Amino acid sequence: MGDRMVRREVVSFVRRSARMNAAQQRAWAAHRGTYVVDVARDERSTSVARQPCLDLAAVFGRRAPLVVELGSGTGHALLAAAQARPDHDHLAFEVFEPAVAATVGRLAAGRVTNARVVVADGVQGLERLLGPASVAELRVWFPDPWHKARHAKRRLVSAAFADLVASRLTPGGVLLLATDWADYADHVRQVLDHHPRFEPVTPWPRFAERPVTKYEQRGLDEGREIVDLAYRSRP
């Protein structure tokens with residue numbers, strides 16, 4: 001890096017160890033080339049440089065409606081989504097390589113062909129890799145609620161995020177969110193309920209395609225209610 005300083009950007013995730021266990025190392029070595037989409041980086045390893053949008057037809061080998069998941073973790077929901085909707089392509093963004101290694105192992109075991117992962121900040125990926133009106137559905141499952149007031153600026157859902165999502169969704173496309181924190185659900189409603197480019201879809205029950213991940217189960221075990229929210233993009 002020399003004398004260059006890497007600028008510290010506000011991100012919505014906590015940086016964790018990049019160390020993989022043995023099973024993850026094997027999955028990464030065997031399946032990275034099939035499922036991980038390489039992109040040009042900015043200064044940070046999880047950043048996305050400004051570059052041409054992804055050629056989705058080349059990435060997936062076909063043209064199909066695109067479902068995007070931000071923060072896919074170890075891939076349980078991604079796998080379920082890809083299997084439930086084989087007529088859609090599924091693109092996930094996740095910043096932690098061990099989680100992505102676990103994901104590609106699951107996708108390979110499930111013989112999934114319609115899912116890919118980018119190891120990068122999902123907001124930058126949405127902004128710099130996907131063009132306007134290119135996403136049929138965007139899914140955000142259990143984003144970090146950032147409870148403390150001094151950390152509120154790190155929350156993923158913001159006015160700027162809503163504007164970006166609205167620009168990337170197709171007319172009538174859907175933004176799906178789930179959280180186990182009531183105050184975060186209220187925060188999402190404050191941002192999105194009156195946004196000019198979205199209309200709430202109500203009532204909205206628990207999304208049937210989403211498996212109960214460890215994050216959701218932890219919330220249930222601790223007595224929190226799971227809140228599912230959906231917003232449709234206005235034409």
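Refer to the structure above for everything that follows.
Our subject in this report is the structure included herewith. (Residues numbered from 1 in each chain as written. Predicted model: local features only at pLDDT ≥ 70, side-chain atom pairs only at ≥ 80, totals over all residues. Heavy atoms only, no water.)

### Some points on the packing of helix α3 (residues 76-84) against helix α4 (residues 97-109)
This is how the line gets drawn: A fitted line through C-alpha atoms serves as each axis, taken over the contacting stretch for helices, and the angle formed by two N-to-C directions is quoted from 0 to 180°. Secondary structure elements follow DSSP: runs of H or I of four or more residues count as helices, runs of E of two or more count as strands, with numbering from the N terminus. Here roughly perpendicular refers to angles of 65 to 115 degrees, roughly parallel to angles under 35, roughly antiparallel to angles over 145, and oblique to all remaining angles. By convention the crossing between two helices is left-handed if the near helix lies anticlockwise of the far one by an angle smaller than a right angle, and right-handed if it lies clockwise. Should any heavy atoms of two residues lie within 4.5 Å, those residues are considered in contact. Amino acids are sorted into nonpolar (Ala, Val, Leu, Ile, Met, Phe, Trp, Tyr, Cys and Pro), charged (Asp, Glu, Lys and Arg) and polar (every other residue, Gly among them).
Two elements in contact, α3 and α4, have axes separated by 9 Å at closest approach and are oriented at 30°. Looking at the two axes, α3 sits roughly parallel to α4. Handedness of the crossing formed by α3 with α4: right-handed. Listed contacts from α4 to His 76, Leu 78 and Leu 79 of α3 are Thr 103, Arg 106 and Leu 107. Each residue belonging to the contact of α3 with α4 can be placed in one class, and the counts come to three nonpolar, two polar and one charged.

### Here we look at the pairing of strand β7 (residues 227-233)
Worth spelling out the cut-off: Exposure is judged per residue with a 1.4 Å probe applied to protein chains only, and the accessible area is read against the type maximum: over 50% gives exposed, under 20% gives buried, and values in between give partly exposed. Between any two strands, pairing holds if DSSP finds at least two bridges.
Taken across its seven residues, β7 has six buried, putting it largely inside the fold. Pairing analysis gives six bridges linking strand β5 (residues 169-179) to β7, with the strands arranged antiparallel. Considered in β7, the bridge of Thr 179 is made with Val 227. Two elements, strand β6 (residues 198-200) and β7, share three bridges in a ladder whose sense is antiparallel. Note on β7: the bridge partner recorded for Phe 198 is Ser 233.

### Observations concerning the pattern of salt bridges
When the charged atoms of two side chains with opposite charge come close together, those side chains can pair. The condition is simple: We define a salt bridge as a contact between a side-chain nitrogen of Lys or Arg and a carboxyl oxygen of Asp or Glu at a distance within 4 Å.
Applying the stated rule across the entire model yields 16 salt bridges. Arg 189 is paired through a salt bridge with Asp 186; the nearest N and O atoms lie 3.0 Å apart. Here Arg 189 and its partner Asp 186 are both found in helix α7 (residues 182-192), three residues apart, which amounts to about one turn of the helix. Judged by its relative accessible area of 30%, Arg 189 is partly exposed.

### Quick notes on the sheet that holds β6
Read from one edge of the open sheet, seven strands run β3-β2-β1-β4-β5-β7-β6, paired in mixed fashion. Only two strands of the sheet have a single neighbouring strand rather than two, namely β3 (115-118) and β6. Sheet twist, expressed as the mean angle between neighbouring strand axes with direction ignored, is 20°. As judged from the six bridges shared by strand β4 (residues 135-141) and β5, these two strands associate in the parallel manner. Bridge pairing in β5 links Leu 138 to Leu 175. Across the sheet, α7 is in contact with β5, β6 and β7; its angle to β7 comes to roughly 15°.

### Focus: empty space enclosed by the protein
The cut-off we apply is this: Grid points spaced at 1 Å over the protein atoms alone were grouped into cavities, where a 1.4 Å probe fits but cannot get out, and pockets, open sets with protein on both sides within 12 Å along at least five of seven lines, with lining residues defined by an atom within 4 Å of a point. Grid points are joined across faces, edges and corners, and a volume is the space filled by probe spheres set on the points.
Inspection of every chain in the model, using the stated rule, returns one cavity of 30 Å³ or more. When its volume is computed, the largest cavity comes out at roughly 40 Å³. Where the lining of the largest cavity is concerned, the elements lending two or more residues are α3 and β4. Looking at the lining of the largest cavity, its residues break down into five nonpolar, no polar and four charged.

### Description of the environment of Thr 113
Mapped onto the fold, Thr 113 is located in the loop between α4 and β3. The exposure class of Thr 113 is exposed, given its relative accessible area of 59%. Distance in space between the C-alpha atoms of Thr 113 and His 90 is 9.6 Å, their sequence separation being 23 residues.

### Some details on the side chain of Thr 46
What counts, and what does not: Definition of a polar contact: a pair of N or O atoms within 3.5 Å, with one able to donate and the other able to accept a hydrogen when the atoms are protein atoms, and with sequence-neighbouring residues admitted only if both atoms are side-chain atoms.
Relative to the helices and strands, Thr 46 resides in the loop between α1 (22-35) and α2 (56-60). Of the polar contacts made by the side chain of Thr 46, one reaches the side chain of Arg 44; its length is 2.8 Å.

### Quick notes on the environment of Ala 80
With respect to the secondary-structure elements, Ala 80 resides in helix α3. Between the C-alpha atom of Ala 80 and that of Glu 209, which follows or precedes it by 129 residues, the distance is 6.7 Å. Those residues within four positions of Ala 80 in sequence are excluded, and the remaining contacts are Glu 209 and Pro 211.

### Notes on α1
Quick note on the threshold: Expected helix span is given by 1.5 Å per residue-to-residue step, counting one fewer step than there are residues. The quantity called bend is, for any residue, the angle between two axes fitted respectively to the seven residues ending at it and the seven beginning at it.
Compared with an ideal rise of 1.5 Å per residue, which puts 14 residues at 20 Å, α1 spans 19 Å between its outermost C-alpha atoms and is within 8% of the ideal. The largest bend in α1 comes to about 45°, at Ala 29. Here α1 has its buried residues at Gln 24, Ala 27, Trp 28 and Tyr 35. Residues of α1 that are buried in the fold lie against α4 and β3. For α1, the capping residue at the N-terminal end is Asn 21, with a side-chain oxygen 3.2 Å from the backbone nitrogen of Ala 23.

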